[in-house]
Number of protein chains: 2
Amino acid sequence: MIGSLLQPEIEELIRNQQWNELREALAGLDPSDIAELILDLPEERADVAIFRILPRDSAATVFSHLPPDHQEHLLRALSNEQMRSVLAGMSPDDQARLIEHLPAEVTRRLLEVLSPEELSQARDLLGYPPNTAGRFMTPKYVALFPEMTAEQALAYTRQFGRGKETLNVLYIVDRNGILLGDVRLGAVVTADPNSTVPEIEGRPVVSIPATMDRQDVVQEFRKYDRSALPVVDDQGHMLGIITVDDVLDVAEEEATEDIQKIGGMEALDAPYTQVGFFDMLKKRGGWLAALFLGETLTATAMGHFEKEIARAAVVALFVPLIISSGGNSGSQATSIIIRALALRELKLRDWWWVFGREIASGFALGAFLGAVGFCRIVLWHYLGWAHYDGHPYLIATTVWVSLIGVVTFGSLVGAMLPFILRRVGLDPATASAPFVATLVDVTGLVIYFTVALLILHNTLLKGV
Amino acid sequence: MIGSLLQPEIEELIRNQQWNELREALAGLDPSDIAELILDLPEERADVAIFRILPRDSAATVFSHLPPDHQEHLLRALSNEQMRSVLAGMSPDDQARLIEHLPAEVTRRLLEVLSPEELSQARDLLGYPPNTAGRFMTPKYVALFPEMTAEQALAYTRQFGRGKETLNVLYIVDRNGILLGDVRLGAVVTADPNSTVPEIEGRPVVSIPATMDRQDVVQEFRKYDRSALPVVDDQGHMLGIITVDDVLDVAEEEATEDIQKIGGMEALDAPYTQVGFFDMLKKRGGWLAALFLGETLTATAMGHFEKEIARAAVVALFVPLIISSGGNSGSQATSIIIRALALRELKLRDWWWVFGREIASGFALGAFLGAVGFCRIVLWHYLGWAHYDGHPYLIATTVWVSLIGVVTFGSLVGAMLPFILRRVGLDPATASAPFVATLVDVTGLVIYFTVALLILHNTLLKGV
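What comes next is a walk through the structure. Everything numeric in this text was worked out from a predicted model, so none of it was measured.

Brief notes about the overall build of chain A
In step 1: Of regular secondary structure, chain A possesses 22 helices and 6 strands.
In step 2: The C-alpha atoms of chain A give 30 Å as radius of gyration, which overshoots the globular expectation for 464 residues (23 Å, by more than 25%).
In step 3: The proportion of buried residues among the 464 residues of chain A is 57%.
In step 4: In chain A, of all internal contacts separated by at least 6 residues, the share reaching a separation of at least 24 is 67%.
In step 5: Surface accessibility of chain A: about 18,600 Å² in total, with carbon and sulfur atoms responsible for 57%.

Below you can see the structure in the form of structure tokens.
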């Protein structure tokens, strides 16, 4: 909440090439504020000027805070030496994430400037499947041996602690690299100096497999309230740590993706303000066209009832009302279930329980909406606002019965689709509200016209 | 990931009243796993049995991990002495959150058992408006004076650090209680023992006003990547700290609320599996009924075009297709904008920029969908699958032109509604996908029939 006040001043300094003054002005700012400042600067190449001046450590941190496309732009503009310096200051997980997102030519130039050790750390992280714990762990942690005392652990941390991602939690590892436990630095400081490190905190070992999906990682952090968790391979060897501030970013990204998918589009993968116009069109247009093609089936379905519509146009008036109610109840159910699956409140095996519950909910909600609709139609008739071809009660009953069927069907489809998608290995959030609505629209039409034919075949729809 | 394996064994121990063995079995478990175990235990009052046995500290932690309704149930079952012991072990922010959620009678009993000091801490936290930083800060932190050296700070932490929420970050506060800065314990440990604490970390002070909205707090944590941030009043006095693990919970809760609202319902405020059937109906039924009443306007709108429908039923066939496309594009736009506002990627003042962009997007997407629709209709005509009363090109043009209008309007309404809601002080997520779809349906019908009248008045709709 600081940077924006200084912006005009900083621009002035760059324009006048007052580099020393600029260096001083930047020294008082947090790296994340400098990153924000860079994004707001109108001037071309102002970012490169700032990077020439920043001390190496904060240059790397500022760089980590920039969006991917701006990072790419900067990498192309910086000299090899500057690039090396920025990269060397980044943590391996940030390096890995950067390398993964860059076009091949930039990656090649970038891998050339990494030292062999940095390269191998970044490569290790990249060896895990996307969106698993292995991708965003960092190997920069302090490992203690189990025979150390609190005093020794403190001295060891003092000696080897610099440059680690976090010192908040230290890890107890045996000579074979097997994780035995962890201990908070705060607990080490306040402990009896002569107690051995495994004695300090009596808490059980909690660890994360490197292959765990990142949404599961978020839930593990929520469950255990820790500031960092260790990542292990399937033999229990400690590989790295994940810190909760990275997990917060993951949680927000996952939620953003889910919200955009539920809205009926591809995830944008970048802030709205930074997605290009045509990129945006592509991410929205694809799903819109697919939904549109699905929805053309409604025209086909209605085509089958064209004679009925021509005979009694009044039947057509309620089409949008009926099918939208099915879509709305489906949209509710799918949003609830997608989120409950993401938070691991529901597991795949719970589908049968949800099935029963949503049938009951759908029936109750449909009956309720139908009653509202029935009253509305009868009321309009008595007020003389609509005539319903002289059969208000029959039409009102048709609407009521159809709504029970359509809303029940909508709730059920909305609730089951996320389970089915998860079962076949797809993202449950693909069961977007518009997708469910489209599915329900076609079926809803068939339900409605079938009910109408059954109820009205002796009156309005006689002889059709 | 440990508890579930032990469950049958634990049940066995409780049934046989083997309390000592039970105590031993629980000692090896993390409090969050014990909480999970309690939720899974089928036996009535098994939870009370477990709470009798747990040591005081872990009893409080286990209790914090239970869902609110289970906490309430337990509080009623525990003796006053047990309740005191559980509460005393909880941090003030957890106490405050608990008190806020309980029915008045339980709260009264509970406030009686709190010590005056605990009560005043919990009351302080409760004095801030709901969903602000003041509500989930904790006053349990270590404050250093600026003249202390690293060595003194370490000794001070050793002496006063027990029982604090976190020792990961220590706070530098002057004699008047004004926050001067913070320093990580890890940096204190690795620093030159003789340097004073303000010298250790050259980073600028970042703090959070107590009245800041909790979604803003999440974004501040994302920006600064800190494990804890200090909370201050408007004069800069330090009031407490917020730790990132609490912020992770807030971020997930906020996203859950937004997703459920976007789905077109009230936020559930509890996991799906723990919301009662009738509660669920209430939270879904209210919005469904409101949307339904809004949607009855489509019947009114279509009533105005009943003559046209009776004359050329073919026109009615495309109604669901057209209006659903408007709803889908609106659903996309509203989800994107709601999320961008929540993440503070967009500010209120950006509405004008979004307005221009969404008009352009909507027009492009509508023109694209219209082209798809045009081809589909003409193709069906040539394949002989539909006859369109002999005017396939006129109908296809009607669909095309209408889609441009409806999709543009849908994108615009979907994008602007969240801004308007935020402007008048409501939650932007109230602009749910179904809400936008309903708004767009009514207007979409009018657009479609108006275009149809303009294009078809000399042919299919002659003389209407």
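Some words on the interface of chain B and chain A
In step 1: Between chain B and chain A, the contact holds 122 residues from the first and 122 residues from the second.
In step 2: Summed over both partners, the interface of chain B with chain A buries about 10,600 Å², with 64% contributed by carbon and sulfur atoms.
In step 3: Put simply, chain B and chain A have 12 salt bridges between them.
In step 4: The residue Glu358(B) makes a salt bridge to Arg284(A) at a minimum N-O spacing of 2.8 Å.
In step 5: A total of 18 residues in the side of chain B that touches chain A trace back to one element, the largest contributor, which is helix α16 (residues 277-304) of chain B.
In step 6: Grouping the constituent residues of the side of chain B that touches chain A by class yields 66 nonpolar, 32 polar and 24 charged.

Focus on the relation of the copies chain B and chain A
In step 1: Rotating chain B by 180° and translating it 0.0 Å along the rotation axis places it on chain A, where the RMSD comes to 0.1 Å. Read as a symmetry element, the transformation amounts to a two-fold axis.

Here's the deal with the pattern of salt bridges
A side chain of one charge can pair with a side chain of the opposite charge when the charged atoms of the two come close.
In step 1: Using the criterion set out here, one finds 34 salt bridges over all chains in the structure.
In step 2: The partner of Glu257(B) in a salt bridge is Arg214(B), with the nearest N and O atoms 3.5 Å apart. Within this pair, whereas Glu257(B) is found in helix α15 (residues 244-262), its partner Arg214(B) is found in helix α14 (residues 214-224), the two being separated by 43 residues in sequence. Across the pair, Arg214(B) and Glu257(B) agree in class, each one buried.
In step 3: Residues joined by salt bridges that share partners form a network here, namely Arg214(A), Glu253(A), Glu254(A) and Glu257(A).

With respect to the sheet that holds strand β1 (residues 143-144) of chain A
Residue and element names in this part refer to chain A.
In step 1: Taken in spatial order, the 3 strands of this open sheet run β1-β2-β3, and their pairing is mixed. Unpaired on one side and paired on the other, β1 and β3 (179-184) mark the two borders of the sheet.
In step 2: As judged from the 5 bridges shared by strand β2 (residues 169-173) and β3, these two strands associate in the antiparallel manner. By the bridge assignment for β3, Ile172 is matched with Gly181.

Let's talk about α14(B)
Residues and elements named next belong to chain B.
In step 1: By the criterion of burial, α14 is predominantly enclosed, with 9 of the 11 residues buried.
In step 2: Along α14, the positions that sit buried rather than exposed are Arg214, Gln215, Val217, Val218, Gln219, Glu220, Phe221, Lys223 and Tyr224.
In step 3: The backbone nitrogen of Gln215 has a side-chain oxygen 2.9 Å away, supplied by the residue at the start of α14, namely Asp213.
In step 4: Phi turns positive one or two residues past the end of α14, at Asp225, with a value near 50°.

Details of the sheet that holds strand β5 (residues 228-232) of chain A
Sheets are built from strands that pair by backbone hydrogen bonding, the pairs being arranged parallel or antiparallel.
All names here are of chain A.
In step 1: Taken in spatial order, the 3 strands of this open sheet run β4-β5-β6, and their pairing is mixed. Looking along the sheet, the strands with just one partner apiece sit at the ends: β4 (208-209) and β6 (238-243).
In step 2: Strand direction decides the pairing type here: β4 and β5, joined by 2 bridges, are parallel. The partner of Pro209 across the bridge, within β5, is Val232.

Section: a nonpolar patch on the surface
In step 1: A grouping of Leu379(A), Leu383(A) and Trp385(A) is seen on the molecular surface, where their side chains present a nonpolar patch of about 340 Å² in accessible area.
In step 2: Considering the arrangement of structural elements, one finds Leu379(A) in helix α20 (residues 351-382).

Side note on the packing of aromatic side chains
Residues and elements named next belong to chain A.
In step 1: The final tally for this structure, using the stated rule, is 28 aromatic pairs over all chains.
In step 2: Judged by centre distance (5.9 Å) and plane angle (85°), the rings of Tyr141 and Tyr171 are edge-to-face. Of this pair, Tyr141 sits in the loop between α10 (116-126) and β1 while Tyr171 sits in strand β2, and the two are 30 residues apart along the sequence.
In step 3: Taking the relative accessible area as the measure of exposure, Tyr141 reaches 16% and is therefore buried.
In step 4: Owing to a relative accessible area of 0%, Tyr171 belongs among the buried residues under this scheme.
In step 5: When the centroid spacing of 4.9 Å and the interplanar angle of 85° are considered together, the rings of Trp380 and Trp385 count as edge-to-face.
In step 6: According to the relative accessible area criterion, Trp380 is partly exposed, its value standing at 22%.

Here we look at the side chain of Thr298(A)
In step 1: With respect to the helices, strands and loops of the structure, Thr298(A) is situated in helix α16 (residues 277-303).
In step 2: On the basis of relative accessible area, Thr298(A) is assigned to the buried category, the value being 0%.
In step 3: Discounting chain neighbours no more than four positions away, the residues touching Thr298(A) are Asp441(A), Val442(A), Leu445(A), Leu317(B), Pro320(B) and Leu321(B).

Remarks on the environment of Val206(B)
In step 1: Among the structural elements, Val206(B) can be located in the loop between α13 (197-200) and β4 (208-209).
In step 2: Each C-alpha atom, one on Val206(B) and one on Gly181(B), is 7.7 Å from the other, the two residues being 25 residues apart in sequence.
In step 3: The residues touching Val206(B), leaving out its near neighbours within four places in the chain, are Asp30(A), Tyr224(B), Arg226(B), Leu229(B) and Pro230(B).

Some details on empty space enclosed by the protein
The method is simple in principle: a probe with the dimensions of a water molecule rolls over the atoms, and the space it marks as empty is what remains.
In step 1: Tallied over the entire structure, the rule returns 2 cavities of 30 Å³ or more.
In step 2: Computed from the structure, the largest cavity encloses a volume of approximately 290 Å³.
In step 3: Lining the largest cavity are 24 residues, and of these Asn328(A), Ala437(A), Gly327(B), Asn328(B) and Ala437(B) lie nearest its centre.
In step 4: Among the residues forming the lining of the largest cavity, the class breakdown is 10 nonpolar, 10 polar and 4 charged.
In step 5: Here the second largest cavity defines a volume of roughly 40 Å³.
In step 6: In this structure, the second largest cavity is lined by Phe318(A), Leu321(A), Gly373(A), Arg376(A), Ile377(A), Val399(A), Thr296(B) and Ala299(B).
In step 7: At the level of elements, α20 of chain A together with α16 of chain B are the ones that each hand at least two residues to the lining of the second largest cavity.
In step 8: Looking at the lining of the second largest cavity, the element that brings in the most residues is α20(A), giving 3 residues.
In step 9: Taken together, the residues of the lining of the second largest cavity sort by class into 5 nonpolar, 2 polar and 1 charged.

Remarks on the nonpolar core
In step 1: By size, the foremost hydrophobic cluster in this structure holds 98 residues, and its most contacted members are Ile309(A), Phe318(A), Phe449(A), Ile309(B), Val314(B), Phe318(B) and Phe449(B).
In step 2: Every residue in contact with Ile309(B), bar those within four places of it in the chain, is listed here: Ile309(A), Ala313(A), Ala316(A), Leu317(A), Met302(B), Ala316(B) and Phe449(B).
In step 3: Phe221(A), Tyr224(A), Phe136(B) and Met137(B) belong to the second largest nonpolar core, which has 42 residues in total.

Conventions and cut-offs
- Residues numbered from 1 in each chain as written.
- Chains lettered and ligands numbered in written order.
- Predicted model: local features only at pLDDT ≥ 70, side-chain atom pairs only at ≥ 80, totals over all residues.
- Heavy atoms only, no water.
- Helix = DSSP H or I, 4+ residues; strand = E, 2+ residues; numbered from the N terminus.
- Rg over C-alpha atoms; globule rule 2.2 N^0.38 Å.
- Buried < 20%, exposed > 50% of the residue type's maximum accessible area, 1.4 Å probe, protein only.
- Contact = heavy atoms within 4.5 Å.
- Areas by Shrake-Rupley, 256 points an atom, 1.4 Å probe, with all protein chains shown as cover.
- Buried area = accessible area lost by both parts, 1.4 Å probe.
- Salt bridge = Lys/Arg side-chain N within 4 Å of Asp/Glu carboxyl O.
- Nonpolar A, V, L, I, M, F, W, Y, C, P; charged D, E, K, R; others polar.
- Least-squares fit on C-alpha atoms with pLDDT ≥ 70 in both.
- Pairing = 2+ DSSP bridges.
- Polar contact = N/O pair within 3.5 Å; in protein donor to acceptor, adjacent residues only side chain to side chain.
- Patch = residues over 30% accessible without salt bridge, like charges linked within 9 Å, V, L, I, M, F, W, Y side chains within 5 Å.
- Phe/Tyr/Trp six-rings, centres within 6.5 Å; stacked < 30°, edge-to-face > 60°.
- 1 Å grid on protein atoms, 1.4 Å probe; cavity = no way out; pocket = protein on both sides within 12 Å on 5 of 7 lines; lining within 4 Å.
- Points joined across faces, edges and corners; volume = space filled by probe spheres on them.
- Core = buried A, V, L, I, M, F, W, Y, C linked by side-chain atoms within 4.5 Å.

Coordinates in, geometry out; function isn't part of it.
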